[in-house]
Amino acid sequence: MAGTVGFAAMFAFRERKLLMKAFWSFLVLALAMGVVRSYSRGAFLGFAVAMLLVLLLNMKLRNVLVCLFIAGIIAFRTDEKYVDRIKSILHYQEVGTARMRFGTTGAGIRMIEANPLLGVGVGQFMYRFNDYATYEQQLMVGGDIGHEVIQAHNTYVQIASENGLIGFVIFL
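Keep in mind that this is a model prediction, so the values were computed, not measured. (Residues numbered from 1 in each chain as written. Predicted model: local features only at pLDDT ≥ 70, side-chain atom pairs only at ≥ 80, totals over all residues. Heavy atoms only, no water.)

### Here's the deal with the overall build of the protein
- For the protein, the helix and strand inventory stands at nine helices and zero strands.
- Ordered by position in the sequence, the α and β elements of the protein form the string α-α-α-α-α-α-α-α-α.
- Within the span of the protein, comprising 172 residues, buried residues form 36% of the whole.
- Taking all contacts inside the protein whose residues are at least 6 apart in sequence as the whole, residues at least 24 apart take part in 65%.
- About 10,700 Å² of surface is accessible on the protein, with carbon and sulfur atoms providing 67% of the total. (Helix = DSSP H or I, 4+ residues; strand = E, 2+ residues; numbered from the N terminus. Buried < 20%, exposed > 50% of the residue type's maximum accessible area, 1.4 Å probe, protein only. Contact = heavy atoms within 4.5 Å. Areas by Shrake-Rupley, 256 points an atom, 1.4 Å probe, with all protein chains shown as cover.)

Printed below as a string of structure tokens:
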């Protein structure tokens, strides 16, 4: 969704017909609101990068004003809870989910190192996490030893750790 908004914005800026320009602009606004409603920090970062790239490629005052208008609508419709969540990007070390992701990613990489060709088996990440996680990683993830981890929270690490590098290459 966040990446699509860049394409929609590019079409909106380059479209000559007013009706189509309105359609693409509405789509940009709808996708932007979807990003906000997802409460996803990653989606927000993707959206911000996409919009910055579009602005750099289409640097006209009118386009900047349109983006500022859309940003204003989004800011007006965004609650304080989401703003605080976005601000947490700057101090991710204190955020529980970010620490958890570092822990699961580290254990997943250790699984890949130990089982590079075939991985630990499809669907086995959650069962094998504690075998490969360090004490610190287990604390990052659940706060206690033996905490059950459901997924790696990183698609590439999940695929490579469960299916090995052979499965990972096929996935790509």
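### Brief notes about the packing of helix H2 (residues 18-38) against helix H3 (residues 41-57)
- The contact between H2 and H3 brings their axes to 8 Å, and the two run at 150 degrees. For the element pair H2 / H3, the angle class is roughly antiparallel. When you trace H2 past H3, the crossing you get is left-handed. Across from Ala32, Val35 and Ser38 in H2, the residues of H3 making contact are Ala43, Phe44 and Phe47.
- When its residues are assigned to classes, the contact of H2 with H3 shows five nonpolar, one polar and no charged. (Axes fitted to C-alpha atoms, helices over the stretch in contact; angles between N-to-C directions. Parallel < 35°, antiparallel > 145°, perpendicular 65-115°, else oblique. Left-handed = near helix turned anticlockwise from the far one by under 90°. Nonpolar A, V, L, I, M, F, W, Y, C, P; charged D, E, K, R; others polar.)

### Description of H2
- Taking 1.5 Å per residue, 21 residues should reach 30 Å; H2 reaches 30 Å between its end C-alpha atoms and fits that length.
- Buried within H2 we find Lys21, Trp24, Val28, Leu31, Ala32, Met33, Val35 and Val36.
- Looking at the residues trailing H2, positive phi occurs at Tyr39, about 60 degrees. (Expected span 1.5 Å × (residues − 1).)

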